[in-house]
Amino acid sequence: QVQLVESGGGLVQTGGSLRLSCAASGSTFGMHTMGWYRQAPGKQRELVAIIRDGGSPNYADSVKGRFTISRDNAKNTVYLQMNSLKPEDTAVYYCKARSYGSMDYWGKGTLVTVSS
């Protein structure tokens with residue numbers, strides 16, 4: 001059974017930085033696509049950034065230039081470096097992975113709070 005475990009959330013002031021990590025375990029062949037989504041209170045879950053195996057990353061317009069997604073295939077881990085954080089970045093951040101067999105897996109989420 002594939003499990004995704006996120007870490008790195010917390011409280012930060014406006015303009016600060018955080019780095020999220022998501023480690024996938026239980027997969028023999030690794031993940032085709034890994035990414036981050038977020039859900040703010042009262043809002044729908046939205047895509048933040050994704051990265052395909054061997055491909056270029058894609059970002060939501062709202063985070064371009066501030067967030068960087070990367071992955072370490074040897075560790076089956078995806079990272080999200082978040083710089084210049086804004087209060088509107090406050091949300092629960094979820095890791096998502098899609099296997100080569102097109103199965104989707106979600107982490108339980110990690111809370112990021114940006115104070116003004």
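Computed from a predicted structure; not experimentally measured.

Asker: How would you sum up the nonpolar core? Please name residues and give values.
Answerer: Judged by nonpolar contacts, the single largest core of 29 residues is most densely connected at W36, L80, M82 and Y93. Counting only elements with at least two residues in this core, the list comes to β3 (18-25), β4 (31-39), β5 (46-52), β7 (67-72), β8 (77-82), β9 (91-99) and β11 (110-115). Contact partners of M82, with chain neighbours within four places excluded, come to G16, S17, L18, L20, R66, F67, Y93 and V112.

Asker: Explain the state of the cysteines to me, and be specific about the residues and the numbers.
Answerer: In this structure the tally under the stated criterion is one disulfide. A sulfur-sulfur distance of 2.0 Å marks the disulfide that ties C22 to C95. Of note, the bridge from C22 to C95 carries an S-S torsion of about -80° and is left-handed in sense. In this pair, C22 is assigned in strand β3 and C95 in strand β9, connecting sequence segments 73 residues apart. Note on C22: relative accessible area 0%, which makes it buried. C95 gets classed as buried once you look at its relative accessible area, which sits at 0%.

Asker: Please set out the pattern of salt bridges residue by residue, giving values where relevant.
Answerer: Following the criterion strictly, the structure yields six salt bridges and no others. Residue K96 is joined to D104 by a salt bridge in which the shortest nitrogen-to-oxygen separation is 3.7 Å. A salt bridge links R98 to D104, with the shortest nitrogen-to-oxygen separation between them at 2.6 Å. Accessibility expressed as a relative area gives 32% for D104, which makes it partly exposed. If you follow the salt bridges from partner to partner, you end up with R38, E46, R66 and D89 in one network.

Asker: So what's going on with unusual backbone geometry? Which residues, and what values?
Answerer: You will see that N76, though not glycine, has its phi angle at about 50°, which is positive. Mapped onto the secondary structure, N76 falls in the loop between β7 and β8. With a phi angle near 50°, S84 is a residue other than glycine that sits in the positive phi range. S84 gets classed as partly exposed once you look at its relative accessible area, which sits at 41%.

So, how was this worked out
- Residues numbered from 1 in each chain as written.
- Predicted model: local features only at pLDDT ≥ 70, side-chain atom pairs only at ≥ 80, totals over all residues.
- Heavy atoms only, no water.
- Core = buried A, V, L, I, M, F, W, Y, C linked by side-chain atoms within 4.5 Å.
- Buried < 20%, exposed > 50% of the residue type's maximum accessible area, 1.4 Å probe, protein only.
- Helix = DSSP H or I, 4+ residues; strand = E, 2+ residues; numbered from the N terminus.
- Contact = heavy atoms within 4.5 Å.
- Disulfide = S-S within 2.5 Å.
- Salt bridge = Lys/Arg side-chain N within 4 Å of Asp/Glu carboxyl O.

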